[in-house]
Amino acid sequence: MIAGLLLLCAAALLGAPHLLVRLEGMRHSPRAALVVWQALSLSAVLCLLAVGPVALIQPRPWPSPAAQLAVAVIAAFASVAVLLRLLMNGHHVGRRIRAARSEHRDLVDLVGRHEGARTRVLPSHRPGAYCLPGAGPRVVLTEATLAALPEDQLAAVVAHEEAHLRERHDLILEFFTVLHTSTPRLLRTDTALREVALLVEVLADRAAREEVGEVALGRAIVALAEAAGLADLTPGAGAGAGAAVARIRLLAVDDPTPVRSLALYTVGVAVLVLPPALTALAAAS
Amino acid sequence: MPKNASLGGLERAVMDILWADEAGDGLSVREVLDRLTDRDLAYTTVMTVLSRLETKGVTTREKHGRSWRYHPSSTRESLTAEAMRSPLDDLSGEERQAAILHFLTEASPDDLAAVREAMAAVETKGDRSRRRRGRGEDSAG
């Protein structure tokens, strides 16, 4: 049955993240890797959404019209439920994130020293660096960061944050956050979200490396990790020290060859195309 | 945008004045205006800024006779600490990570050795991309 095939595809795609996080070589091509992750997620969602329509459309020799009706109704409900959950969750997550950023922006604008149009320096003795993406973006540093880092390392940190803002990495994270929080707790994996967050950092690192070189950037990561370790900084979300090690190791890795990236992009396209193609094939036979 | 930026700068300047007021019984609009010596501002502008700050919850006001006196609702230190924390407690961990992108978070001292070790390898190799670019220029020239 086609709906069954679709469910199988969705199950395979939901299981694929567990496999994907093991393929650390993909981190060498962060941009292509993120495309694969996005294609995979999108494909899984589309499969689930297609279950209802496919079950409704497909003419089949059913044991009884009542059974056919029952299956169609259940499948349609499943699709609608998935769609509604995604839309509602996307709306709420987006609204909360934007509200939080706006409030936080007010805060750093009030407390921080204004250094240029969008850089703010907080009067704190704890080192830290982050950016607030979205409308009215800000790069936020602390006085301790300015004091601790020599100029080239500071430039590396700023280049990293500016790359986040310029390339709108927040949209990638928001996309995955919506999918993650929409997925039932039993099916989702935190490892996948962590991997995506790491890939986003690697992407920004690549941009900063282009500008200032990997030595300055690496030293900045070490310096801030040391300072953060001593000051017991910011518990909670984000890439941890394990991520810092991974990022530094990736600094020494060259940009991927075009062939390698192309292969990954091809995988991304295949992941998107395969389920509908399989379904069409099964329908034709 | 410039207008917005200057308004933000003005809000900050006003907060600096409120924070610097050591007497602690608050300042009137007129007193704030008098202390903004480096700017030529209208009374109503300062009034607007103070009421915006009150809407944002960073100042409180009390009636003294016929005028209001404004206080900062928190110290600069506690607001700074807030700005250092991840935003809003009602966000989930995943949402926080998407709302604010930290350069580095959550370093445990145990892992520092691994971080330093990884960096040592980068140091010995040096800026590979730079050297490559440098070589490229040499061979071109």
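Numbering of residues starts from 1 in each chain and follows the order in which that chain's sequence is written. Labels are handed out in written order, letters beginning with A for the chains and numbers beginning with 1 for the ligands. The model is predicted, so local features are restricted to residues of pLDDT at least 70 and side-chain atom pairs to those at 80 or more, both for listing and for counting; the totals for chains, interfaces and linings are taken over all residues. Only heavy atoms go into the side-chain values, all of them from the structure, while hydrogens and water stay out.

For chain B, the name recorded in an unreviewed UniProt entry is Putative transcriptional regulator, with Janibacter cremeus as its organism. Reading the Sequence similarities (unreviewed entry) entry of the UniProt record for chain B gives the comment "Belongs to the BlaI transcriptional regulatory family." UniProt positions are given in the numbering used here, feature names are shortened, and annotations may be inferred rather than shown by experiment.

For chain A, an unreviewed UniProt entry supplies the name Beta-lactamase regulating signal transducer with metallopeptidase domain and the organism Janibacter cremeus.

1. Focus: the pairing of strand E4 (residues 138-142) of chain A
Residues and elements named next belong to chain A. Each residue is assigned to one of three classes by its accessible area relative to the maximum for its type, calculated with a 1.4 Å probe on protein chains only: buried under 20%, partly exposed between the two thresholds, exposed over 50%. Secondary structure is summarised from DSSP: a helix means a run of H or I of at least four residues, a strand means a run of E of at least two, and numbering begins at the N terminus for each. Burial analysis of E4 places 5 of its 5 residues in the buried class, the great majority of the element. Neither face of E4 is exposed, since Arg 138, Val 140 and Thr 142 on one face and Val 139 and Leu 141 on the opposite face are all buried. As judged from the 4 bridges shared by strand E2 (residues 119-122) and E4, these two strands associate in the parallel manner. Within E4, the residue paired with Arg 120 across the bridge is Val 140. Where strand E3 (residues 129-132) meets E4, 4 bridges bridge the pair, whose relative direction is antiparallel. The partner of Tyr 130 across the bridge, within E4, is Val 140. Here E3 hands over to E4 after 5 residues, with Gly 134 in that stretch at a positive phi of 100°. A pair of strands counts as paired when DSSP detects no fewer than two bridges linking them.

2. Focus on helix H4 (residues 76-84) of chain B
Along H4 of chain B, the residues that are buried comprise Leu 79, Thr 80, Ala 83 and Met 84 of chain B. End-on, the buried residues of H4 of chain B take up no more than an arc of 145°, which puts them together on one face. Within this analysis, the arc is defined by the directions that extend from the helix axis to the C-beta atoms.

3. Focus on the nonpolar core
As used here, the term nonpolar core means buried Ala, Val, Leu, Ile, Met, Phe, Trp, Tyr and Cys residues forming a set that is joined through side-chain atoms within 4.5 Å. Judged by nonpolar contacts, the single largest core of 77 residues is most densely connected at Trp 37, Val 157 and Ile 248 of chain A together with Phe 103 of chain B. Only heavy atoms matter for contacts: two residues are in contact if any of them lie within 4.5 Å across the pair. Setting aside its immediate chain neighbours within four residues, Trp 37 of chain A contacts Pro 17, Leu 20, Val 21, Met 26, Phe 176, Ala 192, Glu 195, Val 196 and Leu 199 of chain A. Counting residues in hydrophobic clusters, the runner-up holds 30 residues, among them Leu 107 of chain A together with Ile 17, Leu 27 and Leu 50 of chain B.

4. A look at the pattern of salt bridges
In the sections that follow, a salt bridge refers to a side-chain nitrogen of Lys or Arg positioned within 4 Å of a carboxyl oxygen of Asp or Glu. Summed over the entire model, instances satisfying the criterion amount to 25 salt bridges over all chains. Between Asp 255 of chain A and Arg 206 of chain A there is a salt bridge, with its nearest N and O atoms 3.3 Å apart. Placement of the pair is Asp 255 of chain A in the loop between helix H9 (241-251) and helix H10 (258-284) and Arg 206 of chain A in helix H7 (residues 190-212), with a sequence separation of 49 residues. Judged by relative accessible area, which is 40%, Asp 255 of chain A ranks as partly exposed. Overall, the relative accessible area of 12% leaves Arg 206 of chain A in the buried class. Arg 76 of chain B serves as the salt-bridge partner of Asp 16 of chain B, at 2.5 Å between the closest nitrogen and oxygen. Residue Asp 16 of chain B is found in helix H1 (residues 2-20), and its partner Arg 76 of chain B is found in helix H4; the two are separated by 60 residues along the sequence.

5. Regarding the sheet that holds E2 of chain A
Ordered by their spatial adjacency, 5 strands build an open sheet running E1(A)-E2(A)-E4(A)-E3(A)-E3(B), and the pairing between neighbours is mixed. The two strands at the open ends of the sheet, each matched to only one other strand, are strand E1 (113-115) of chain A together with strand E3 (101-102) of chain B. Contacts from helix H3 (residues 65-111) of chain A reach E1, E2, E3 and E4 of chain A, with the element oriented near 125° to E3 of chain A. For helices, the axis comes from a line fit to the C-alpha atoms of the stretch in contact; other axes are also lines fit to C-alpha atoms, and the angle between any two N-to-C directions lies between 0 and 180 degrees.

6. Concerning the environment of Arg 52 of chain B
Residue and element names in this part refer to chain B. With respect to the secondary-structure elements, Arg 52 resides in helix H3 (residues 43-55). Sequence-wise, Arg 52 and Glu 11 are 41 residues apart; in three dimensions their C-alpha atoms are separated by 8.5 Å. Once you skip the residues sitting within four places of it in the chain, Arg 52 turns out to touch Leu 7 and Glu 11.

7. A few points about the domain arrangement of chain A
Residues and elements named next belong to chain A. Structurally, chain A comprises domain 1 (1-14 + 35-111) and domain 2 (125-258). An automatic or database domain assignment provides the domain bounds reported here. Centre-to-centre separation of domain 1 and domain 2, based on C-alpha positions: 30 Å. At the interface, 19 residues of domain 1 touch 23 residues of domain 2. By the criterion of area lost to domain 2, the three top residues of domain 1 are Trp 37, Arg 101 and Arg 105, representing 33% of everything that side buries. Our enumeration of links across domain 1 and domain 2 arrives at 3 salt bridges. In this structure, Glu 174 and Arg 98 form a salt bridge, with 2.5 Å as the shortest nitrogen-oxygen distance. When two parts are put together, the accessible area they lose, computed with a 1.4 Å probe and summed over both, is reported as buried area.

8. Things to note about a nonpolar patch on the surface
Residues and elements named next belong to chain A. Among the surface-exposed residues, Leu 42, Leu 46, Val 269, Leu 272 and Val 273 lie close enough to one another that they form a single nonpolar patch of about 400 Å² accessible area. Going through the elements one at a time, helix H2 (30-57) and H10 are the ones with two or more residues in the nonpolar patch. When residues of the nonpolar patch are assigned to their parent elements, the largest contribution, 3 residues, is made by H10. Within the fold, Leu 46 resides in helix H2. Candidates for patches are residues over 30% relative accessible area with no salt bridge; among them, like charges are joined within 9 Å and nonpolar side chains (Val, Leu, Ile, Met, Phe, Trp, Tyr) within 5 Å. For every accessible area listed, the method is Shrake-Rupley and the probe measures 1.4 Å; residues are considered covered only by the protein chains on display.

9. A few points about unusual backbone geometry
All names here are of chain A. Positive phi, close to 50°, is recorded for Arg 168, a residue that is not glycine. Topologically, Arg 168 is positioned in the loop between helix H5 (151-166) and helix H6 (169-182). Take Arg 168: its relative accessible area is 31%, and that puts it in the partly exposed class.

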